[in-house]
Amino acid sequence: MQDIISSPVFPIVAMFAVVYFLLIRPQQSRAKELRNSVNNVRRGDTVVTSGGIIGKVVKVPQADDPEITVEIADNVQVRVLKATLSEVRAKAQPVETAKAG
């Protein structure tokens, strides 16, 4: 046992394990959560695109269609690819505000 801990390979394996559990695994779970919310986007949801445009979903075609229609202002609708959505907020979900301090 003492030989395993004192070998130069053990610190490298330990650092990889720490990086995996602190960085890689949480990022994978956030990506999976975003993918699920984008696939389940509904009419009336507020979405944020990767370009920073915030709008309300007005039309969601069939599940296999990669586009949705988003209203970004009164009577201004744009077609957006689902892949470009960076956040999906449900109808009743409040907008988070940054705390000053």
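Predicted model, so just to flag it, every value in this text is computed and none were measured. (Residues numbered from 1 in each chain as written. Predicted model: local features only at pLDDT ≥ 70, side-chain atom pairs only at ≥ 80, totals over all residues. Heavy atoms only, no water.)

Peer 1: Help me out: how do you make sense of the overall build of the protein in this one?
Peer 2: When its secondary structure is counted, the protein shows two helices and five strands. Its helices and strands in sequence order give the protein the pattern α-α-β-β-β-β-β, from N to C terminus. The contacts in the protein between residues at least 6 apart in sequence include a share of 33% that link residues at least 24 apart. Roughly 8100 Å² of accessible area belongs to the protein as shown, and the carbon and sulfur atoms make up 58% of that amount. (Helix = DSSP H or I, 4+ residues; strand = E, 2+ residues; numbered from the N terminus. Contact = heavy atoms within 4.5 Å. Areas by Shrake-Rupley, 256 points an atom, 1.4 Å probe, with all protein chains shown as cover.)

Peer 1: When you look at a nonpolar patch on the surface in this model, what are you seeing that I'm missing?
Peer 2: Among the surface-exposed residues, Val-18, Val-19, Leu-22, Leu-23 and Ile-24 lie close enough to one another that they form a single nonpolar patch of about 450 Å² accessible area. By the element assignment, Val-18 lies in helix α2 (residues 9–39). (Patch = residues over 30% accessible without salt bridge, like charges linked within 9 Å, V, L, I, M, F, W, Y side chains within 5 Å. Salt bridge = Lys/Arg side-chain N within 4 Å of Asp/Glu carboxyl O.)

Peer 1: Hey, could you run me through the side chain of Arg-89 in this one?
Peer 2: If you trace the backbone, Arg-89 turns up in strand β5 (residues 85–89). Here Glu-87 takes part through its side chain, which lies 3.0 Å from a polar atom of the side chain of Arg-89. (Polar contact = N/O pair within 3.5 Å; in protein donor to acceptor, adjacent residues only side chain to side chain.)

Peer 1: Hey, could you run me through the confidence of the model for the protein in this one?
Peer 2: Low-confidence regions, as indicated by low pLDDT, have predicted coordinates that should not be scrutinised in detail. Counting all residues, the mean pLDDT for the protein is 84, and 84% of those residues have values of 70 or more. In the model of the protein, helix α1 (residues 2–6) stands out as the element of lowest mean pLDDT, 65, in contrast to strand β4 (residues 76–81), which has the highest, 94. (pLDDT = per-residue confidence, 0-100.)

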